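Descriptive analysis of the structure
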Amino acid sequence: QMQLVVSGRGLVHSGGSLRLSCTVSRSTYDSSSIGWVRQDPGKEREGVSCMRTSDDITYYSPSVKGRFTFTRDTSKNTFYLQMDNLKPEDTALYYCAADSAGCGVEAFYYENMDYWGKGTLVTVSA
């Protein structure tokens, strides 16, 4: 059973920072794509960022590029989304997702991700 455990829920002011963590359990295969997806009422679901674990290639959506950074700690099988210069528009439930494919340099096909963690709430006040 694949399990994704997410932590990092928080409330911050505009311009502040927050880091989300996603710990991924082992499965019958090594997931090659790990990503972060966010959703807020009244807004479309958005693939924020992802990493292709075979070569650490990362993708960022235009809305967060330059402000968010996706890294990992292989010894802990944990992935981090460092969010800097947060804006009210970043307020949403953030989900960690994994699959054998879906992440590339220019696109994140999050619709096809098979394994999802529970959402963690990020609120950014004006």
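Bear in mind that the values here come from a model prediction, so they are computed numbers and not experimental data.

All right, on to the sheet that holds strand β8 (residues 78–83) then. The strands that make up a sheet are held in pairs by hydrogen bonds between backbone atoms, and each pair lies either parallel or antiparallel. The sheet built from four strands is open, its strands ordered β1-β3-β8-β7 with antiparallel pairing. Looking along the sheet, the strands with just one partner apiece sit at the ends: β1 (4–7) and β7 (68–73). Each neighbouring strand pair of the sheet contributes to a mean axis angle of 20 degrees, computed without reference to strand direction. In this sheet, strand β3 (residues 18–24) lies alongside β1 in antiparallel orientation, the contact comprising four bridges. Counted as the bridge partner of Val 5 is Thr 23 from β3.

Now for the nonpolar core. General note: in soluble globular proteins, nonpolar side chains tend to be found buried as a group. Within the largest apolar cluster, 26 residues are counted, with the highest numbers of intra-cluster contacts made by Leu 20, Trp 36, Phe 68, Leu 81, Met 83 and Tyr 94. Put simply, the parts of the chain that give this core at least two residues each are β1, β3, β4 (33–39), β5 (46–52), β7, β8, β9 (92–99) and β11 (120–125). For Tyr 94, the residues in contact, after removing those within four places along its chain, are Leu 20, Trp 36, Val 37, Arg 38, Val 48, Phe 68, Leu 81, Met 83, Lys 118, Gly 119, Thr 120 and Val 122. Judged by nonpolar contacts, the second largest core, of eight residues, contains Val 37, Cys 50, Tyr 59 and Tyr 110.

Moving on, we come to the state of the cysteines. Applying the stated criterion across every chain, the model contains two disulfides. Across the disulfide from Cys 22 sits Cys 96; the S-S distance is 2.0 Å. Across the disulfide from Cys 22 to Cys 96, rotation about the S-S bond amounts to roughly -85 degrees, and the bridge is consequently left-handed. With Cys 22 in strand β3 and Cys 96 in strand β9, the pair connects residues that are 74 residues apart, well separated along the chain. What makes Cys 96 buried here is its relative accessible area of 0%. What pairs with Cys 50 in a disulfide is Cys 103, and their sulfur atoms sit 2.1 Å apart. Between Cys 50 and Cys 103, the S-S torsion sits near 85 degrees, and that sign places the bridge as right-handed. Of this pair, Cys 50 sits in strand β5 while Cys 103 sits in the loop between β9 and β10 (115–116), and the two are 53 residues apart along the sequence. We note that Cys 50, like Cys 103, is buried.

Rules of the game
- Residues numbered from 1 in each chain as written.
- Predicted model: local features only at pLDDT ≥ 70, side-chain atom pairs only at ≥ 80, totals over all residues.
- Heavy atoms only, no water.
- Pairing = 2+ DSSP bridges.
- Helix = DSSP H or I, 4+ residues; strand = E, 2+ residues; numbered from the N terminus.
- Axes fitted to C-alpha atoms, helices over the stretch in contact; angles between N-to-C directions.
- Core = buried A, V, L, I, M, F, W, Y, C linked by side-chain atoms within 4.5 Å.
- Buried < 20%, exposed > 50% of the residue type's maximum accessible area, 1.4 Å probe, protein only.
- Contact = heavy atoms within 4.5 Å.
- Disulfide = S-S within 2.5 Å.

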